[in-house]
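For reference, the chains in residue letters:
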Amino acid sequence: MVKAVIYARYSCELQREESIDGQVRECLAFAKSKGYEIINQYIDRAISAKTDDRPSFQQMIRDGTDRRFDAIIVWKVDRFARNRLDALQYKSILREAHVKVISATENISDGPKGILLESVLDGLAEYYSADLAQKVKRGMTENVLEGK
């Protein structure tokens, strides 16, 4: 039986615990459908995935390299990282330990097409984060210019 863990996170204080609950619920349903045994959950609250400085994430990476489990299930790949370099680095480290990162909601195959899709999804995650930062900055600038 595949031993798996769940990694869930949300980015900021404005989000609520229900975000984690929903991610975990969908990951558990995915694991059940595949016959995976969930042995742990790693949760980071109010920490952006633009950084790898996330306590539960780092613990999960350490536990993965110690081969305590076979797979990490995330709701979407953007929960794992919103930085392409971090995604590549940590997935490579985990791959060497024979640990696979699996999206519960994105059907990423194991073959060549899966490699391409996963790299596109990692790029889209970083794009989304950078684009949102620009929009927020523009909005804040407009508020300042309007005296708000």
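Small disclaimer: the values here were computed from a predicted structure and weren't measured.

Asks: Give me the lowdown on the packing of aromatic side chains, citing residues and values where you can.
Replies: Under the criterion given, the structure shown has five aromatic pairs. Between Tyr7 and Phe57, the ring centres sit 5.6 Å apart and the planes meet at 70 degrees, which makes this aromatic pair edge-to-face. Of the two residues, Tyr7 is situated in strand E1 (residues 3–9) and Phe57 in helix H2 (residues 55–65); the sequence distance between them amounts to 50 residues. No difference in accessibility class separates Tyr7 from Phe57, as the two residues are buried. Residues Phe57 and Tyr90 carry aromatic rings whose centres are separated by 5.2 Å and whose planes lie at 85 degrees to one another, so their mutual orientation is edge-to-face. Here Phe57, found in helix H2, pairs with Tyr90, found in helix H4 (residues 84–96); they are 33 residues apart in sequence, far enough to count as distant. A relative accessible area of 7% places Tyr90 in the buried class. Put simply, the rings of Tyr7, Phe57, Phe80 and Tyr90 touch in pairs and so form one group of aromatic residues. Of note, Arg54 hangs over the ring of Phe57, and the distance from its end group to the ring centre comes to 4.0 Å.

Asks: Before we move on, could you go through the environment of His98 and cite the residues and values that matter?
Replies: As for its placement among the helices and strands, His98 is situated in the loop between H4 and strand E4 (100–103). Once the C-alpha coordinates of His98 and Thr65 are considered, the two residues, 33 residues apart in sequence, prove to be 8.5 Å apart. Sequence-distant contacts of His98, defined by excluding residues within four places in its chain, comprise Arg67 and Asp70.

Asks: Account for the environment of Thr51, naming residues and giving values.
Replies: Counting through the fold element by element, Thr51 comes out in the loop between strand E2 (37–44) and H2. Residue classification places Thr51 among the partly exposed positions, given a relative accessible area of 31%. For Thr51 and Asp86, which are 35 residues apart along the polypeptide, the C-alpha to C-alpha distance reads 7.9 Å. Reaching out from Thr51, the side chain makes a polar contact with the backbone nitrogen of Asp53 at a distance of 3.0 Å.

Thresholds, definitions, all that
- Residues numbered from 1 in each chain as written.
- Predicted model: local features only at pLDDT ≥ 70, side-chain atom pairs only at ≥ 80, totals over all residues.
- Heavy atoms only, no water.
- Phe/Tyr/Trp six-rings, centres within 6.5 Å; stacked < 30°, edge-to-face > 60°.
- Helix = DSSP H or I, 4+ residues; strand = E, 2+ residues; numbered from the N terminus.
- Buried < 20%, exposed > 50% of the residue type's maximum accessible area, 1.4 Å probe, protein only.
- Lys NZ or Arg CZ within 6 Å of the ring centre and 35° of its normal.
- Contact = heavy atoms within 4.5 Å.
- Polar contact = N/O pair within 3.5 Å; in protein donor to acceptor, adjacent residues only side chain to side chain.

Bear in mind that shape data such as this cannot, by itself, settle questions of function.
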